[in-house]
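# Structural overview
Residues per chain, in single letters:
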Amino acid sequence: MTSTSDLVLSRLSTLSNGKEFIPLHEPIFAGNEESYVSECIRTGWVSSVGSYVDLLERNLAEYLGVRRVVVTVNGTAALHLALVAAGVTAEDEVLVPALTFVATANAVAYTGATLHFCDSAPDTLGLCPEKLAEHLAAIAVMDDDGYCLNAITRKRIKAIVPMHCMGHPVELERLVALASRYNIIVIEDAAESLGSLYKGQHTGGFGRMGAISFNGNKIITAGGGGAIATNDEALGARLKHLSTTAKTSQGGFFFHDDVGYNYRMPNINAALCCAQLERLPEFLDIKRGIAEQYKALFDGVLDVSFISEPANTRSNYWLSSIRIKDSEAFGSVISEANHRGIMVRPLWDLMHTLPMYGQCPSMNLDIATMLSREVVSLPSSVNLKFNS
């Protein structure tokens, strides 16, 4: 009898990109990237200001349907700046998923705030509103000023950072309503979900702010880069000010009126991203097609299921993923596929298991623990082919 791992590996052997090594996700530059970047080099506008920075902010805001976008040097900086602008300090706690990339947790840690880890939902892979509601009912109290306090730590629960894992939107409507009930600010970590929709609306635009990543492995890239989306014009202006070292024209050439950050995206990176954004609709169509082929490829394989977009969403399927419930097969597939030059990855080590975050408060994390031992992400570049 053929084992589960053998069946999975056999199906993965049909993948091709015309090379010996198939990466998890690689950028594709086949549009106006060279032209736009060359213009930056030719004109000398390669640094932190320039027409492409302005164009990218306008085009992203229009695409996302938000009032303002501020681009940054990377996605982690975007999330950190959003937390700073939301007023998160060392006196606060911030709710974050235990199942996320470490940048989500690190951005909170940069503010000095305490991380408070939350469990995931099996269908979205992201924060579970139902379990969070039960947890808050047990540990949260409202103070006289209308703020939510952790009754155990006595710290104010200031914000929540849901992360849209692999591009699959979390259950935003329930999560935003729950946060509103407890007067908790929602800042979306939409690093992986550019182009994903929840009930017809782009992720990143539901909370007070949303942070996006343009790292080299994302659905579109600026080489690095990130962005913050918001529907608050005044907040957008403050984000732009803080991202440019809080420099102001008042008081002289080098007068800064706040503790700012050098988080600006260079014009040459913005040029690359403008060209990539032009092709995003095409990339989304291709990646959804890849997801459908994976779904068919693993149909009927015992103990293996493809992770489809949750109800009421349209996922960008940044990384197509499967769940392997056989623990032996899970480890074997990861080891052997990579040995064969097919790059697959498990999800991240849970944040509360990392040494610097081991003492942080948390809720029961049973689902996140299960997912971390079952989910395998598969090659998902837009140039991926499936051989018959």
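Procedures and definitions
Residues numbered from 1 in each chain as written. Predicted model: local features only at pLDDT ≥ 70, side-chain atom pairs only at ≥ 80, totals over all residues. Heavy atoms only, no water. Salt bridge = Lys/Arg side-chain N within 4 Å of Asp/Glu carboxyl O. Helix = DSSP H or I, 4+ residues; strand = E, 2+ residues; numbered from the N terminus. Buried < 20%, exposed > 50% of the residue type's maximum accessible area, 1.4 Å probe, protein only. Expected span 1.5 Å × (residues − 1). Contact = heavy atoms within 4.5 Å.

## Some words on the pattern of salt bridges
- All chains considered together, the criterion is met by 11 salt bridges.
- Note that Arg-156 and Asp-92 form a salt bridge whose closest N and O atoms lie 3.1 Å from each other. Residue Arg-156 is located in strand β7 (residues 156-160), and its partner Asp-92 is located in strand β3 (residues 92-97); the two are separated by 64 residues in the primary sequence.
- Accessibility expressed as a relative area gives 1% for Asp-92, which makes it buried.
- Salt-bridge contacts for Arg-238 lead to Asp-258; the nearest nitrogen and oxygen are separated by 3.2 Å. Here Arg-238, found in helix α8 (residues 233-243), pairs with Asp-258, found in the loop between β14 (255-256) and α9 (267-278); they are 20 residues apart in sequence, far enough to count as distant.
- For Arg-238, a relative accessible area of 34% translates into the label partly exposed.
- Judged by relative accessible area, Asp-258 falls into the partly exposed class, the value being 33%.

## Some points on α9
- The end-to-end C-alpha separation of α9 is 17 Å, in line with the 16 Å expected for 12 residues at 1.5 Å each.
- Counting buried positions along α9 yields nine of 12 residues, so the element is predominantly enclosed.
- Along α9, the positions that sit buried rather than exposed are Asn-267, Ala-270, Ala-271, Leu-272, Cys-273, Cys-274, Ala-275, Gln-276 and Leu-277.
- Considering only its buried residues, α9 is in contact with α2 (33-43), α3 (51-64) and α10 (280-297).

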